[in-house]
Amino acid sequence: MRFSEYTTRRIGAFLLSMLMMSCTSLMGPDTKPGIALFEVGKYGASLEHYEAIIESGKANGEVYRLAYESAFKVGKRVTAGKYYQEAIKAGFDSDSLVSLATNLWYDRALFTMGSDDWIEGRKAAAQIADLAVDSKQDKFCNLILAGKKKFDRGAHKGLWDAISDYSKAANFDKNSGLPYFLMGQARYKNNRTDYDAALEDYYESIRIEPDGSFLKQAKADIKRIEAVKKKMNAFWGK
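Residues numbered from 1 in each chain as written. Predicted model: local features only at pLDDT ≥ 70, side-chain atom pairs only at ≥ 80, totals over all residues. Heavy atoms only, no water.

Participant: Is there a simple way to think about the nonpolar core in this case?
Facilitator: Within soluble globular proteins, side chains that are nonpolar generally end up buried alongside one another. Tyr-68, Met-113, Ile-144 and Leu-178 are the most contacted members of the largest nonpolar core, which totals 56 residues. For Tyr-68, the contacting residues outside a window of four places in its chain are Ala-80, Tyr-83, Tyr-84, Leu-97, Leu-100, Ala-101, Leu-104 and Trp-105. (Core = buried A, V, L, I, M, F, W, Y, C linked by side-chain atoms within 4.5 Å. Buried < 20%, exposed > 50% of the residue type's maximum accessible area, 1.4 Å probe, protein only. Contact = heavy atoms within 4.5 Å.)

Structure, rendered in structure tokens:
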């Protein structure tokens, strides 16, 4: 039996369509649009893409993992927790998921502590302890929180101990300027005439992390301390 050229083309197109559908099924849902949105900071739109896949019933472990990260970034912690559990149920690698969650909570801990939101900072640190106790992130947060507690008490020896805690924390994360920002605060609170030591820590915090969440406060503190230093140097004729 011979087919016309038109019929042959139709059959070829149909077979190609079936092949593409089969390949799409094997490759899983298309996550590329969501990933592209996430990479440019459009976390809400990224989450919407993954949730559309979830609602269609075609989600796999990778989709739930991506949805978890997007939901976390957009601030939907309850929704993020749900997708975290769904990713595990769907067979996504648990070690990889724990590592991702630890880093997300650590970033939040750094941001909130640097923003002087210590209630949220402690909550984030508690999540890190649950996920990865004794990890570098956990040790860093424990030392920062221990130093903050001593700083708040304000005793002379306690302030030196706070500086020691912050200094130890810096060893666990060379990329964070937070310990130096806090050391600057503690040094100045401990001795308001030792301007240079405090300023050195403040400037180091900005050098290490020029876009840290503590930046605005660090600049304000620097301006205030330098103004006092200038005034006192003029008074003493220096």
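Participant: Before we go on, may I ask you to explain the pattern of salt bridges in this structure?
Facilitator: Inspection of every chain in the model, using the stated rule, returns 11 salt bridges. In this structure, Asp-201 engages Arg-187 in a salt bridge whose closest nitrogen and oxygen atoms are separated by 2.4 Å. Residue Asp-201 is located in helix α11 (residues 195–208), and its partner Arg-187 is located in helix α10 (residues 178–190); the two are separated by 14 residues in the primary sequence. Given the relative accessible area of 24%, Arg-187 is considered partly exposed. For Glu-204, the salt bridge is made with Arg-207, and the minimal N-O distance between the two is 2.9 Å. Here the residue Glu-204 and the residue Arg-207 both occupy positions in helix α11, the gap between them amounting to three residues, near one helical turn. Its relative accessible area of 23% is what places Glu-204 among the partly exposed residues. A relative accessible area of 56% places Arg-207 in the exposed class. (Salt bridge = Lys/Arg side-chain N within 4 Å of Asp/Glu carboxyl O. Helix = DSSP H or I, 4+ residues; strand = E, 2+ residues; numbered from the N terminus.)

Participant: I would appreciate a short explanation of the environment of Leu-182 in the present structure.
Facilitator: Relative to the elements of secondary structure, Leu-182 occurs in helix α10. On the basis of relative accessible area, Leu-182 is assigned to the buried category, the value being 3%. Separated by 32 residues in the primary sequence, Leu-182 and Phe-214 place their C-alpha atoms 9.3 Å from one another. Not counting residues up to four positions away in its chain, the partners in contact with Leu-182 are Trp-118, Ile-144 and Tyr-166.

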